[in-house]
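Breakdown of the fold
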Amino acid sequence: MLAYNARIATKSLKRNPLLTAIVIAGIALGICASTTFTTVRHMFARDPLPGKSGKLFYVRMDNWDPANAYPTSDTGPKNPHPLPPTLSFRDGTELLRSHIPARQTASYFANLAVYPERRISRPYQTPVRLVTSDFFPMFDVPFEFGHGWDKRADANAEQVLVIDHATNEKLFGGANSVGKRLRVDSRDFTIVGVLAPWRPFIKMFDLMQNFVGDPEPLYIPFSLTRPMQIRNSGNSDGWKSFGPTFDDFLASETDWVQLWVELRTPADVAAYRQFIDNYVRAEKSKGRFPRPLNNQITSLLDMMQEQGVVNPALTSMAAMSILFLVICALNLTGLLLGKFLARAPEVSVRRALGATRGDIFVQHLAECEIVGVAGGVLGMLLSLGVLRFIGKLITATSVISLDLEMIVAALFLSLVAGAIAGLYPAWRICTLQPAVQLKV
Amino acid sequence: MEFGPIVRALSRNRMRVLLIVLQIGITLAVIANAVTMITANRAKMQKESGFDDDNLLWVYSKPFAEQFNERSFRVTTTQADLRALTGIPGTKAVANTNFIPWQGGGSSGEVKAAGGDGTMYRTQEYVASPGIMDTLNVHIVAGRNVRDNDIDLDPNAKNSTVIISRALEQLVFKGKSAVGQQFIEPDGSVDTIVGVFDKFYNPYGWPIHEYTYFAAGLVARGGARYLVRVEPGKMKDVIPEIERRLLKVNDGRNVDFKPIDEFKTQYFSQSRIIIGAMTGVIILLVIVTGLGIVGVTSFSVTERRKQIGTRRALGATKPAILRYFLLENWIVTNTGLLLGIALAYALNFLLVTKASGDKLDWRFVAAGVVLLWLQGLFATLAPATRAAAVSPVIATRAV
């Protein structure tokens, strides 16, 4: 019966190819617009680490100026708790001593010089991220060769290095370079791991800076900061002056270290909160942290929301594009109504020959769904092109594509659009009185 | 007039009327809000920095040679770089500075006026060599520019000589001249103000877009950065020459280039996506609803050929038929527009409260109404003309 319906429907669609083309194009435009903008929004809004994001927390403490709270933005997202977005080096290092988190990493990036073999490349400066060994499992960083370093390397500030896929291609021709040596800044490093190609759409481990940017090409232990006298190259916030030496800088109230902790149970969260509250109280008694106690432990998804990762304008555009699809569907209703009613004599003959109202209804709805799905598929193909273009507008390396979730959603939308557009016309045609039409 | 008959005829075709009314209503709501988003973003993009954005080039020297670990070496190299970069054919001015226009941020701090009421003011703060004014193409409006001998190269120096933006002068000194006044920084260091310049606008995360000072100095930590102002259209030509000259001063480094225009493009990428997408939506919407009206009206003409023929046979003129259909459409369109005005404000309320957006401007709604009137007129014209062409003879044919 279904095959029969499909055959009749195709026949009917072929009879008026121009109208069919207009109808399909209409649905395709609607689906293209709505898929494109909901997908763009989805790329920003979706969970970057499904199953895990609820256990990752970002830690902030208010070590700011007693006279003025940390300033809030007038254009970007409002910070509900005005406090510095990062920690000072001394606090970041102290908090890393806690054993409550299952995993934890302090992190920041610095531009450092890399000295490959001269016959391969001139020395060059590149962003290097300083992290602890836990960084790689915490953020599901994929390895092509080798693996991250171990806790001992963190503790002893060993000169170990993880490089990304592109750097390995460039400096080692893509071969397994684990165990090879590479000079970074003033020291020789041993490569322990090479990353597989990895380009998360949202750089979830550094939401404070350009969160649509590329991950850094190189990773070395955070504990090398002091021995190598590395200075952060990203944002830093300070209010209190400090002495001229590097140790003065590390002991200062200047904030630039990001701390992520993995807390697996609510009890751990509570214990950790207690831990940092106690830490700040103890520091207060030494004259630090002059402002009221304001510690924040924020989950990854809440942090994304607070940092305005989903730009509200994207939500507006997604809403408008859905309305556009509604208009396309309404439009189709009009066209299909005309088309079906023009077929009244033929339908009446079928009714007179024994077809039930239900048969006629299903028949016409099938025609609408064929059009709906054809338009949906065409619309998705169109939106793939548009998305590629929009991805390039966001950053040179951003790739936006339809994931399974969005393809299913788009197909579902096109079925719904086809059904909504076809429901009334199909109902009208099946309730016609055959007798009136058959009278000559 | 045929109001009575039209309304009675429409009320027998409620679904058809409803379809068009809904389409027009939602279209108006979307168009009015889309135009609001477009104009808000255009306004943002048209904000002027006050600089010669199109002809500014950012040059970043990224050293890898170990000599650069010495501060004094970095300073002498930067001085040599500035000499080497001065007078390149096709360039107008050069400055060593950590300021980059349109990067969506920068560096900032707090200052208070010496002898003032102690209020701390947050302001952008940058270090620059004296070439900064010519390079940005902004002008000293009071006092003087900083000079080379204002630069204190002592690594432990705390005090500096600064020029400030006019907006910062007005903020801190409230209409009095800032020239000769001093700022005190939180650590107690003193900035002596020697000049005021206009204009300055650099969007920042905090509401300090127009407040800044430039302290006379050299920026040499973490690689030297330069801004070069080139003659219009010469950007491509000067880049190789700049690289050649810098590497001649010292080749233990790589040199990166990025026109300020690219920073600006990047800064506004989101606005451009919004403007492009919303313009596309408006155009497609007008086409789609237009086609919809043509379709539904054609259908209603075909359906009523019999009645039209009868009316013609009873004496209605062709213009009368034409007028009938145009009027019918006008009534339907207006109903849709009334609904649309309500929907436009409702949608705007939702967008402003739940997402983002600016308040709807009634003029955009009015413009949308006019646009949709015209669209309705043109979309009905063809089917209505066809209706007027129906021959009265039809009335005499059998059912």
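For every chain, the first residue of its written sequence is number 1, and the numbers climb from 1 along that sequence. The order in which chains are written sets their letters, starting at A; the order in which ligands are written sets their numbers, starting at 1. The predicted nature of this model means local features are confined to residues of pLDDT at least 70 and side-chain atom pairs, given and counted, to a pLDDT of 80 or more, with totals for whole chains, interfaces and linings taken over all residues.

Remarks on the sheet that holds strand 10 (residues 225-230) of chain B
Residues and elements named next belong to chain B. We treat two strands as partners when DSSP finds at least two bridges between them. Every helix listed is a DSSP run of H or I at least four residues long, and every strand listed is a run of E at least two residues long, numbered separately from the N terminus. Judged by pairing direction, the sheet is antiparallel, and its four strands sit side by side in the order 2-10-1-11 without closing on themselves. Edge positions in the sheet fall to strand 2 (91-96) and strand 11 (253-259), since each has one partner strand and no second. Strand-to-strand twist in this sheet, taken as the mean axis angle between neighbours without regard to direction, amounts to 20 degrees. As defined by bridge partners, strand 1 (residues 56-63) adjoins strand 10 across five bridges and the pair is classed as antiparallel. Looking at strand 10, one finds that Trp58 is bridged to Leu227. For helices, the fitted axis covers only the stretch in contact; all axes are lines through C-alpha atoms, and the angles between them, taken along N-to-C directions, range from 0 to 180 degrees.

Some remarks on the domain arrangement of chain A
Quite often, the size of an interface is put as the accessible area lost when its parts meet. The domain boundaries assigned to chain A delineate domain 1 (2-47 + 312-438) and domain 2 (63-293). Each of domain 1 of chain A and domain 2 of chain A has a C-alpha centre, and these two points are 50 Å apart. Domain segmentation is taken from an automatic or database assignment of domains.

Focus on unusual backbone geometry
In this structure, Lys199 of chain B follows Asp198 of chain B across a cis peptide bond, with omega equal to 0 degrees. On the secondary structure map, Lys199 of chain B appears in the loop between strand 8 (190-198) and strand 9 (212-216). Phi is positive for Ala157 of chain A, which is not a glycine, with a value near 50 degrees. With respect to the element layout, Ala157 of chain A can be found in the loop between helix 5 (151-156) and strand 6 (160-163).

Concerning the interface of chain B and chain A
Residues are treated as contacting if the C-beta atoms built from their backbones sit within 7 Å of each other. Contacts between chain B and chain A engage 43 residues on the former and 48 residues on the latter. Mapped by element, the contributors of at least two residues to the side of chain B that touches chain A are helix 2 (14-46) and helix 8 (269-303) of chain B. For the side of chain B that touches chain A, the leading source of residues is helix 8 of chain B, giving 16 residues. Classes in brief: Ala, Val, Leu, Ile, Met, Phe, Trp, Tyr, Cys and Pro nonpolar; Asp, Glu, Lys and Arg charged; the others, Gly included, polar. Residue classes in the side of chain B that touches chain A are distributed as 24 nonpolar, 15 polar and four charged.

Quick look at the environment of Asp134 of chain B
Residues and elements named next belong to chain B. If you trace the backbone, Asp134 turns up in helix 4 (residues 132-136). Asp134 sits in the partly exposed class, given 16 other C-beta atoms within 10 Å. In the structure, Asp134 is positioned 42 residues away from Lys92 in sequence and 7.9 Å away in space, judged by C-alpha atoms. When neighbours within four sequence positions are excluded, Asp134 is seen to be in contact with Lys92, Ala93 and Arg229. Whether a residue is buried, exposed or partly exposed follows from its count of other C-beta atoms within 10 Å of its own C-beta, namely 20 or more, 12 or fewer, or something in between, respectively; the C-beta atoms are built from the backbone.

Description of the packing of helix 3 (residues 71-85) of chain B against helix 6 (residues 235-249) of chain B
Residues and elements named next belong to chain B. Interaxial distance between helix 3 and helix 6 falls to 9 Å at its minimum, and their mutual angle equals 145 degrees. Two packed elements cross with a definite hand, and for helix 3 against helix 6 that hand is right-handed. Facing helix 3, whose interface residues are Thr77, Ala80, Asp81, Ala84 and Leu85, helix 6 presents Ile242, Arg245, Leu246, Lys248 and Val249. Per-class residue counts for the contact of helix 3 with helix 6 are six nonpolar, one polar and three charged. Handedness of a crossing follows from how the near helix is turned relative to the far one, being left-handed for an anticlockwise turn of less than a right angle and right-handed for a clockwise one.

Side note on the domain arrangement of chain B
Domain annotation of chain B identifies domain 1 (3-46 + 269-396) and domain 2 (103-218). Each of domain 1 of chain B and domain 2 of chain B was reduced to a C-alpha centroid, and the two centroids are 57 Å apart.

Structural notes on the packing of helix 11 (residues 312-341) of chain A against helix 2 of chain B
Where helix 11 of chain A contacts helix 2 of chain B, the two axes come as close as 10 Å, and the packing angle between them is 155 degrees. In terms of axis orientation, helix 11 of chain A runs roughly antiparallel to helix 2 of chain B. Handedness of the crossing formed by helix 11 of chain A with helix 2 of chain B: left-handed. Listed contacts from helix 2 of chain B to Ser316, Met320, Leu323, Phe324, Val326, Ile327, Leu330, Asn331, Thr333 and Gly334 of chain A of helix 11 of chain A are Leu19, Leu22, Gln23, Ile26, Thr27, Val30, Asn33, Ala34 and Met37 of chain B. An angle counts as roughly parallel when it lies under 35 degrees, as roughly antiparallel when it exceeds 145, as roughly perpendicular when it falls between 65 and 115, and as oblique in every other case.

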